[in-house]
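Chains, contacts and geometry: an overview
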Amino acid sequence: MNRRELLKGLTVLPLAGATPQVPQSTIRERDIFKELGIRTFINAAGTLTYMSGCIMRDEVVEVLESTSHHFCMIDEVQDKVGERIAQLVHSEAAMVTCGAFSAMTLGLAGILTGLDVRKVEQLPHLAGTGMKSEVICQKSHNERYNHAFLNTGCTIVEVETVEDVEKAINEKTALLHFLNIVSNAGQIKHEEWVALGKKHNIPTSIDIAADVPPVSNLWKFNEMGFDLVFISGGKAIRGPQSAGILMGRKDLIAAARLNSPPRGFTVARGHKVNKEEILGMYVALEKYLSNDHEKEWKTWENRIAHIQNAVEGLKGVTTKITVPELGNVTPVLTINWDDTVVKLTGRQLRDRLRDGHPSIEAQFSGLPLYHYQAGSDSIDPAVAETLKGGNLVRVTAWMLQPGEEKIVARRIKEELLTASV
Ligand SMILES: *Cc1c(COP(=O)(O)O)cnc(C)c1O
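Quantities reported herein were computed from a predicted structural model and do not represent experimental measurements.

Quick word on the site of the ligand
Taken together, Thr-49, Gly-99, Ala-100, Phe-101, Tyr-145, Leu-179, Asp-207, Ala-209, Ala-210, Ser-232 and Lys-235 make up all the residues around the ligand. With respect to the ligand, the backbone of Ala-100 contributes an N or O atom lying 2.8 Å from an oxygen atom. One nitrogen or oxygen atom from the side chain of Ser-232 is found 2.7 Å from an oxygen atom belonging to the ligand. Contact with the protein chains hides 85% of the accessible area of the ligand, taken as 380 Å² for the molecule alone. Tallied by class, residues from the shell around the ligand come to six nonpolar, three polar and two charged.

Structure representation (structure tokens):
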């Protein structure tokens, strides 16, 4: 096949005007996963980066494809999309970033450099530049994703009380950062955090990467007065996995843009999002906002109920449905068993689901999801021990494709029955 035919073959979706419909090309028919021996699976675990996150909405895939046939200026795409997103989330400004992590690096880089190109080029070497160099956050909020801030050259100062904050603030303080998912843990709550920032004239930020639903979180923290808000595009919003949104103050977003591609010579040159992903992110957000959220929730509940019903009557098996109060808010089914009746560990059941046909990924302990890394569950011996111990698996339904709940229900039931004495 020559290049022309190949390119023609790529165009199978109806485009506005120009491109004629052509027959499906072999590239679409190719099962590239199979060809390379890559395992695909039913995702009953959740929106996990190492499991490739989410299945993008159809509209997003369509926009990725349709925009890929044209050139445009990245800055113009960011300008136009940023304006629209800002309206949708009630912020002054916004930009599409390479995920929530990237939004954190870019947001802080912008605070440090302002619109000074020389400073942009100096990052991450802050010494002797006059740039600020410290981020304050509550001890319980200092999670691993804060590494995004370290990339700018800043250090993190942990605090616990309001007094600590007052003491920690100095001329080097760049940002007061808050992690929404653990907001119940810290002594200082959202409004108070924002007030501290306003009092000392220091920007405040919040990481809400995994915090829709509820959909209202998209604007809640902008309205509350946080200067920067970071969210993932590839979790519940089901946009491109390599996209996220930085929203907030106009001057700070402009400065963040100066630190971001297409410009090189910046710490964030590697945080590239192209037109397809920027526009895909926009469409994903638009679609997410216009979702019937109640209906979607009901779908998740029905699927979970289906799996629960399949295993509930089994001897020695108990089930429970919970909804996390914060972060990845979706119904979670915990399936527990008496290991004198069902001879299995949680890990064994998880592995059998994984090794079965079709392959299924489930959660299998109460530990925070980020402890799981493909093939490296045992980095921390204490974690490994806990993982072996539990006689339980957990499943979620929000990343299931329609009908997959039936397969998940059947497979879990089969394995529990097979292991029953
Ligand atoms: C997922 C997540 C991130 C990282 O988000 P990406 O969009 O994958 O970069 C940051 N913080 C929290 C709390 C998260 O859950």
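Picking up after the structure, the text goes on.
Concerning the nonpolar core
In terms of nonpolar packing, the biggest core is built from 49 residues, with Ile-85, Trp-193, Leu-218, Ile-237 and Met-247 touching the most fellow members. Ranked by residues supplied to this core, first place goes to helix α13 (residues 275-290) with seven residues. Taken together, domain 1 (1-54 + 292-421) and domain 2 (71-289) each give at least three residues to this core, which thus spans both. With residues near it in sequence (within four places) discarded, Ile-237 still touches Arg-57, Val-212, Leu-218, Ile-231, Ser-232, Met-281, Ala-284, Leu-285 and Tyr-288. With 26 residues, the next largest nonpolar core counts Ala-44, Val-317, Val-341 and Leu-353 among its residues.

Here we look at the environment of Asp-211
In this structure, Asp-211 sits in the loop between β6 (204-207) and α11 (217-224). For Asp-211, a relative accessible area of 3% gives the class buried. Remark: the alpha-carbon pair of Asp-211 and Ser-232, spanning 21 residues in sequence, is separated by 8.8 Å. The contact partners of Asp-211, leaving out residues within four places of it in the chain, are Asn-180, Ile-181, Asn-217 and Gly-327.

Examining the pattern of salt bridges
If you walk through the whole model with that rule in mind, you get 17 salt bridges. Salt-bridge contacts for Glu-414 lead to Arg-410; the nearest nitrogen and oxygen are separated by 3.4 Å. With Glu-414 and Arg-410 both in helix α17 (residues 404-418), this residue pair falls four residues apart, about one helical turn. Here Arg-410 falls in the partly exposed class, since its relative accessible area comes to 41%. Members of the salt-bridge network, linked through shared partners, are Asp-75, Asp-79, Arg-257 and Arg-263.

A few points about the UniProt feature "modified residue: N6-(pyridoxal phosphate)lysine" (unreviewed entry) in the protein chain
As annotated by UniProt and renumbered to match this structure, "modified residue: N6-(pyridoxal phosphate)lysine" (unreviewed entry) occupies Lys-235. Take Lys-235: its relative accessible area is 17%, and that puts it in the buried class. Beyond its immediate sequence surroundings of up to four residues, Lys-235 is in contact with Thr-47, Cys-54, Ala-209, Ala-210 and Met-399. Within the local environment of Lys-235, its side chain forms a polar contact with the side chain of Ser-232, the two groups lying 3.4 Å apart.

Criteria and cut-off values
Residues numbered from 1 in each chain as written. Predicted model: local features only at pLDDT ≥ 70, side-chain atom pairs only at ≥ 80, totals over all residues. Heavy atoms only, no water. Near = heavy atom within 4 Å. Polar contact = N/O pair within 3.5 Å; in protein donor to acceptor, adjacent residues only side chain to side chain. Areas by Shrake-Rupley, 256 points an atom, 1.4 Å probe, with all protein chains shown as cover. Nonpolar A, V, L, I, M, F, W, Y, C, P; charged D, E, K, R; others polar. Core = buried A, V, L, I, M, F, W, Y, C linked by side-chain atoms within 4.5 Å. Buried < 20%, exposed > 50% of the residue type's maximum accessible area, 1.4 Å probe, protein only. Helix = DSSP H or I, 4+ residues; strand = E, 2+ residues; numbered from the N terminus. Domains from an automatic or database assignment. Contact = heavy atoms within 4.5 Å. Salt bridge = Lys/Arg side-chain N within 4 Å of Asp/Glu carboxyl O. UniProt positions renumbered as here; feature names shortened; annotations may be inferred.

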